[in-house]
Amino acid sequence: MEKATPLLVLVLLSLASSLTFAADPSPLQDFCVADNMSPVLVNGVVCKDPMLAQASDFFFPGLDMPRNTNNRVGSNVTAVNVVQIPGLNTLGIFMARIDFAPYGLNPPHTHPRGTEMIVVQEGTLLVGLIHFQFNVGQTNAVAIAALASQNPGVITIANAVFGSNLPISYDVLAKAFQLDKKVVDFLQAQFGPKN
Ligand code: MN
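Residues numbered from 1 in each chain as written. Predicted model: local features only at pLDDT ≥ 70, side-chain atom pairs only at ≥ 80, totals over all residues. Heavy atoms only, no water.

Observations concerning the overall build of the protein
For the protein, the helix and strand inventory stands at four helices and eight strands. Start at the N end of the protein and walk to the C end: the helices and strands fall as α-β-β-β-β-β-β-β-β-α-α-α. Looking at the protein alone, contacts between residues at least 24 apart form 63% of all its contacts between residues at least 6 apart. (Helix = DSSP H or I, 4+ residues; strand = E, 2+ residues; numbered from the N terminus. Contact = heavy atoms within 4.5 Å.)

Digging into the pairing of strand S2 (residues 94-100)
Counting buried positions along S2 yields six of seven residues, so the element is predominantly enclosed. One ladder, built from six bridges, connects strand S1 (residues 75-80) with S2; its direction is antiparallel. Looking across to S2, one finds that threonine 78 is bridged to arginine 97. Of the strand pairs in this sheet, S2 and strand S7 (residues 141-147) are connected by seven bridges, and their pairing is antiparallel. Residue pairing for S7: aspartate 99 is matched across the bridge by valine 142. (Buried < 20%, exposed > 50% of the residue type's maximum accessible area, 1.4 Å probe, protein only. Pairing = 2+ DSSP bridges.)

A closer look at the pattern of salt bridges
Using the criterion set out here, one finds three salt bridges in the structure. Linking arginine 97 and aspartate 99 is a salt bridge whose minimum nitrogen-to-oxygen distance equals 2.7 Å. For arginine 97, a relative accessible area of 5% translates into the label buried. A salt bridge links lysine 181 to aspartate 171, with the nearest nitrogen and oxygen atoms 2.6 Å apart. In this pair, lysine 181 is assigned in helix H4 (residues 181-191) and aspartate 171 in helix H3 (residues 170-176), connecting sequence segments ten residues apart. (Salt bridge = Lys/Arg side-chain N within 4 Å of Asp/Glu carboxyl O.)

Section: the packing of aromatic side chains
The geometry of two aromatic rings is summed up by the distance between their centres and the angle between their planes. With the rule as written, the count across this model stands at two aromatic pairs. Taking the centre distance of 5.9 Å and the plane angle of 85° together, the rings of phenylalanine 31 and phenylalanine 58 count as edge-to-face. Of this pair, phenylalanine 31 sits in the loop between helix H1 (4-16) and S1 while phenylalanine 58 sits in the loop between H1 and S1, and the two are 27 residues apart along the sequence. Note on phenylalanine 162 and phenylalanine 177: the rings are 5.5 Å apart at their centroids and 50° apart in plane angle, and the pair reads as tilted. Of this pair, phenylalanine 162 sits in helix H2 (residues 157-162) while phenylalanine 177 sits in the loop between H3 and H4, and the two are 15 residues apart along the sequence. A relative accessible area of 42% means that phenylalanine 177 is categorised as partly exposed. For the cation-ring pair, arginine 72 lies above phenylalanine 191, with the distance from its terminal atom to the ring centre recorded as 5.3 Å. (Phe/Tyr/Trp six-rings, centres within 6.5 Å; stacked < 30°, edge-to-face > 60°. Lys NZ or Arg CZ within 6 Å of the ring centre and 35° of its normal.)

Written out as structure tokens, the structure is:
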């Protein structure tokens, strides 16, 4: 019985763990060029007639071009997804070029439906994983991100918490984040729906 204990522990541990898996369902066709004009709502985007697919449906120029990072966070995300490349529809990928100014950052955020991989092409980038993702550009940096979903979603924490419409009440935010109510007021003004 004693010899069986480690095995029992392993079995119990394996039963207790579960895989976290965030990706899109497998496509049912080789390609499904998005009909971004269709009024039909489905889980994804409606395919246009494959006979009408064109080379331009699979092309997006300009990812090599530096973007303006002169904004309050010092970064600029250029998304390339099914909106820019209709041919990506159902293929489960979302790409982005991210330009960082010195000490710029990509605010703490999470992608509820996607796993993200980042390749830094130039400069140095500090990336923190705090159960969600947090990028800090240390010097001028250019990064390419790929996410395993055509619509990974993005929840930017500060905007979600302090910029919600309707706002979360002062009392809740002050207590939850241990902040003075004046600070809550300031933060809501920064991230509120009007900004
Ligand atoms: Mn991200």
